[in-house]
Amino acid sequence: MAEEAEKEPETAEPETESENETKIITVFGATGMQGGSVVRALCQESSKFKVRAVTRHPDGERAQELKELGCEVVEGDYEECDLIRDCLKGAWGCFAVTDYFETMDKSCEVQQGKNIINTCCELKVNHVVYSGLESAVRISGLVCDHFDGKAEVEEYVKNSGVNKYTIIRLPWYYENLYENTPPQKISENKYKLPIPIGNSYMYGISVDEIGECIHSIFMNSEKYHKKTIGLAADQFLIHTCCKILTKHLSPLEFVHAQISCDEYEDQNQSIPGVKELSNMFRFYKQARSDRNIEESRELNPKLANLDDWVKQNKEKLLKALEENDKLTAES
């Protein structure tokens with residue numbers, strides 16, 4: 001596959017478009033966080049876009065929810081090029097995202113991305129939006145495979161000959177506050193937030209709101225062709241995050257754990273890929289990620305800053321804390 005791309009195929013001419021034409025957008029990873037957000041945003045524009053949602057489990061519960069939104073749900077597998085081809089036949093656009101943590105294999109993730117891009121070129125898909133990341137090893141010397149693999153695919157996209165492309169890069173998700181890095185109870189009504197970036201700033205966004213950014217990119221295809229956009233809705237210190245949580249979830253109090261990346265790694269050996277995550281935080285700590293809040297708000301003016309998001313999601317956060325406390329007590 002890679003050898004074919006190196007020949008730099010000629011860019012195919014996009015078909016003539018009608019303003020009233022309903023365009024098919026194929027969304028990979030449609031039952032995941034990123035893909036799901038994109039599906040929901042595009043489904044609200046049913047007069048312009050028909051969403052083809054790709055999942056390995058088209059009969060699963062999440063797939064059924066997508067069908068209820070009006071999606072065409074199809075089976076897809078990043079390893080099976082014939083299935084990828086079926087997913088992309090007749091598609092005007094494609095949103096592509098891969099998940100390193102599914103295989104924990106950088107070369108596998110890179111090949112998955114190339115499989116999608118190669119097929120988009122073959123079928124003359126008009127516009128591809130790829131969810132990538134910068135190369136941590138190239139920028140900082142830190143080996144972080146889930147960044148570096150996506151960076152490799154980014155370069156492949158740029159040289160593939162696809163009609164149009166846009167690359168997006170996402171920051172830390174607000175949703176990690178109740179999913180991957182929840183606050184830990186240290187005493188009655190008091191919690192610590194164990195995010196190891198010291199006093200460095202961190203960018204954040206609600207993954208639920210990135211879909212509207214992708215929708216805007218597809219709506220303005222020419223404008224965003226060949227652009228790499230670092231999405232973010234806010235930039236904050238972990239200390240500030242704790243203040244915001246305390247304000248909205250009072251009488252609960254939240255404090256910054258102030259742990260190092262080494263301590264984070266030592267304390268979370270049971271988490272698959274903890275070395276990846278600790279190097280990610282080392283990268284964040286060096287403030288090496290490049291995100292653009294102003295440009296992100298041009299794509300989605302309704303992006304919530306962290307304060308507004310915590311206020312809007314108070315009940316969900318409290319429920320997650322309660323469930324996490326129970327699990328901790330039982331372990």
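Criteria and thresholds
Residues numbered from 1 in each chain as written. Predicted model: local features only at pLDDT ≥ 70, side-chain atom pairs only at ≥ 80, totals over all residues. Heavy atoms only, no water. 1 Å grid on protein atoms, 1.4 Å probe; cavity = no way out; pocket = protein on both sides within 12 Å on 5 of 7 lines; lining within 4 Å. Points joined across faces, edges and corners; volume = space filled by probe spheres on them. Helix = DSSP H or I, 4+ residues; strand = E, 2+ residues; numbered from the N terminus. Nonpolar A, V, L, I, M, F, W, Y, C, P; charged D, E, K, R; others polar. pLDDT = per-residue confidence, 0-100. Contact = heavy atoms within 4.5 Å. Polar contact = N/O pair within 3.5 Å; in protein donor to acceptor, adjacent residues only side chain to side chain. Buried < 20%, exposed > 50% of the residue type's maximum accessible area, 1.4 Å probe, protein only. Pairing = 2+ DSSP bridges. Axes fitted to C-alpha atoms, helices over the stretch in contact; angles between N-to-C directions. Parallel < 35°, antiparallel > 145°, perpendicular 65-115°, else oblique.

It is worth spelling out the layout of surface pockets at this point. Volume-wise, the second largest pocket comes out at about 470 Å³. What lines the second largest pocket is a set of 16 residues, among which Thr31, Gly32, Met33, Arg40 and Arg62 lie closest to the centre. Only α2 (33-43) and α3 (61-68) provide two or more residues apiece to the lining of the second largest pocket. By residue class, the composition of the lining of the second largest pocket is six nonpolar, three polar and seven charged.

This part takes up the confidence of the model for the protein chain. Looking at the protein chain as a whole, its pLDDT mean stands at 92, while 93% of the residues score no less than 70. Counted against residues more than four places away or in other chains, residues 1-16, with its pLDDT under 50, gives 26 contacts.

Position of tyrosine 191 among the secondary structure elements: in strand β9 (residues 190-193). Separated by 58 residues in the primary sequence, tyrosine 191 and leucine 133 place their C-alpha atoms 31 Å from one another. At a separation of 2.6 Å, a polar atom in the side chain of tyrosine 191 contacts the side chain of aspartate 325.

The next subject is helix α9 (residues 210-219). Taking burial as the measure, the ten residues of α9 include eight buried ones, the bulk of the element. Along α9, the positions that sit buried rather than exposed are Ile210, Gly211, Cys213, Ile214, His215, Ser216, Ile217 and Phe218.

This part covers the sheet that holds strand β12 (residues 234-236). The three strands are arranged β7-β10-β12 in an open sheet whose pairing can be described as mixed. The strands lining the two open edges of the sheet, one partner per strand, are β7 (172-173) and β12. Bridge count between strand β10 (residues 202-205) and β12: three bridges; the pairing is antiparallel. Considered in β12, the bridge of tyrosine 203 is made with glutamine 235.

A separate point is the packing of helix α10 (residues 238-249) against helix α15 (residues 314-330). If you want to describe how two helices pack, look at the angle between their axes and the distance between the axes. The N-to-C vectors of α10 and α15 enclose an angle of 100°; their axes lie 11 Å apart at closest approach. Classified by the angle their axes make, α10 and α15 are roughly perpendicular. Of α15, the residues touching α10 (which contributes Leu245, His248 and Leu249) are Lys314, Leu317, Leu318 and Leu321. Among the residues forming the contact of α10 with α15, the class breakdown is five nonpolar, one polar and one charged.

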